[in-house]
Amino acid sequence: MSGSNHGAQQGPAARQAAMAELVLAEGTAAAADLAERFGVSLMTIHRDLDELERQGIVRKFRGGVTAQPSGVFESNVQYRLKSMRAEKAAVAEHAVRMVEPGMAIMLDDSTSTLEMARRLRHGEVTPLTVVTNFLETINLLSPQRGIHLMALGGDYDPLHSSFLGVSCVEAVQQLKVDVCFTSTSAVQRGVAYHQEQHIVSVKRAMLDSAARNVLLLDHTKLGRVALHRVVPLSRFDLVLVDAGASPRALRDLDEHNVRYEVCATKEGDDGAGVA
């Protein structure tokens, strides 16, 4: 990173916003590099990073900061929107083929299902009822004629850009849809995991509300664990994963009798063409 004193001339809020944008784009950053880039002291940088961590945008580690997920930390939605776009697009393209006119489907607050919404907004599969708690999907599909959009209420969580909590779970429990499309943070040895308990409760309710369940995964989620067990993969009628999945990861699915399909990634497809 090149040195600059521009950060010293900014107020803390503007500097923190610029810092958040940088870390979300690059994934990780060293505190010393940030201090040099923004032209402020290391102490000031650590105060800024403390505030960004408090907001749930990043998490600190010794000597730096990261926006990447861990077993107990879910990435900010802005980071997830930028990561693995081509892989998520491949899986979403496959999933959309399972949607038929007249269906009622549920989409969770994952960026994988948001890629489905990007395709459904073209109105080629209508009439259609879409139920979701994801504000990004609500904003994307709300203008689309032919789609009956049902927004699940609850407590708004800016980290996930979605509505969660007891009210959301209760709203889900009042519904029955044809297919629930969902994703999760980690899969290993026949079990789906997620870092956050309040996300887990909503996902479980969604799975219970559907006649069929489909799990969308990019290959980086295979062979990983997170803090909370969501459900065994046997709860899903089908698991979709992109072609980047390793033979070892696919063997693990085979050994646990998971029905899955591998989705080819289109060269140069980052999902931007269907935004």
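For the structure itself, consult the block above.
Residues numbered from 1 in each chain as written. Predicted model: local features only at pLDDT ≥ 70, side-chain atom pairs only at ≥ 80, totals over all residues. Heavy atoms only, no water.

Account for the overall build of the protein chain, with residues named and values stated.
Within the protein chain, the regular secondary structure consists of 11 helices and 15 strands. In the protein chain, which comprises 275 residues, the share counted as buried stands at 53%. Contacts spanning at least 24 positions in sequence make up 67% of the contacts within the protein chain whose residues lie at least 6 apart. Carbon together with sulfur atoms contributes 49% to the accessible area of the protein chain, which is approximately 12500 Å² in total. (Helix = DSSP H or I, 4+ residues; strand = E, 2+ residues; numbered from the N terminus. Buried < 20%, exposed > 50% of the residue type's maximum accessible area, 1.4 Å probe, protein only. Contact = heavy atoms within 4.5 Å. Areas by Shrake-Rupley, 256 points an atom, 1.4 Å probe, with all protein chains shown as cover.)

Describe the packing of aromatic side chains, listing the residues and the values that go with them.
Inspection of the entire model under this criterion finds one aromatic pair. Ring geometry for Tyr156 versus Phe163: centroids 5.3 Å apart, planes at 55°, classification tilted. When its relative accessible area of 40% is taken as the criterion, Tyr156 is described as partly exposed. The exposure class assigned to Phe163 is partly exposed, which follows from its relative accessible area of 21%. (Phe/Tyr/Trp six-rings, centres within 6.5 Å; stacked < 30°, edge-to-face > 60°.)

Outline the pairing of strand E14 (residues 238-242), supporting the account with residue identities and numerical values.
With five of its five residues buried, E14 lies for the most part within the structure. Judged by which residues are buried, E14 turns out to be covered on both faces: Leu238, Leu240 and Asp242 on one side and Val239 and Val241 on the other are all buried. Where strand E12 (residues 210-217) lies against E14, four bridges are found, and the strand directions are parallel. Considered in E14, the bridge of Leu216 is made with Leu240. Inspection of the sheet shows E14 paired to strand E15 (residues 260-263) by four bridges, in the parallel sense. When the bridges of E15 are listed, Val239 appears paired with Tyr260. (Pairing = 2+ DSSP bridges.)

Describe the packing of helix H2 (residues 12-26) against helix H3 (residues 31-38), with residues and values.
Contact geometry for H2 and H3: axes closest at 12 Å, N-to-C directions at 130°. If you check the angle between H2 and H3, you find them oblique. Where H2 crosses over H3, the two elements pack in a sense that is right-handed. The residues of H3 that touch H2, namely those facing Arg15, Ala18, Met19 and Leu22, are Leu34, Arg37 and Phe38. (Axes fitted to C-alpha atoms, helices over the stretch in contact; angles between N-to-C directions. Parallel < 35°, antiparallel > 145°, perpendicular 65-115°, else oblique. Left-handed = near helix turned anticlockwise from the far one by under 90°.)

Residue-level account of the pattern of salt bridges, with values.
Think of it this way: side chains of opposite charge can pair up when their charged atoms draw near. Taken as a whole and judged by the stated rule, the model has 10 salt bridges. Across the salt bridge formed by Glu115 and Arg118, the nearest N and O atoms sit 3.3 Å from each other. Of this pair, Glu115 and Arg118 both sit in helix H7 (residues 111-120), three residues apart, which is roughly one turn of that helix. Residue classification places Glu115 among the buried residues on the basis of a relative accessible area of 2%. Its relative accessible area of 12% is what places Arg118 among the buried residues. Through salt bridges with shared partners, a single ionic network connects Arg85, Glu93, Glu115, Arg118 and Arg119. (Salt bridge = Lys/Arg side-chain N within 4 Å of Asp/Glu carboxyl O.)

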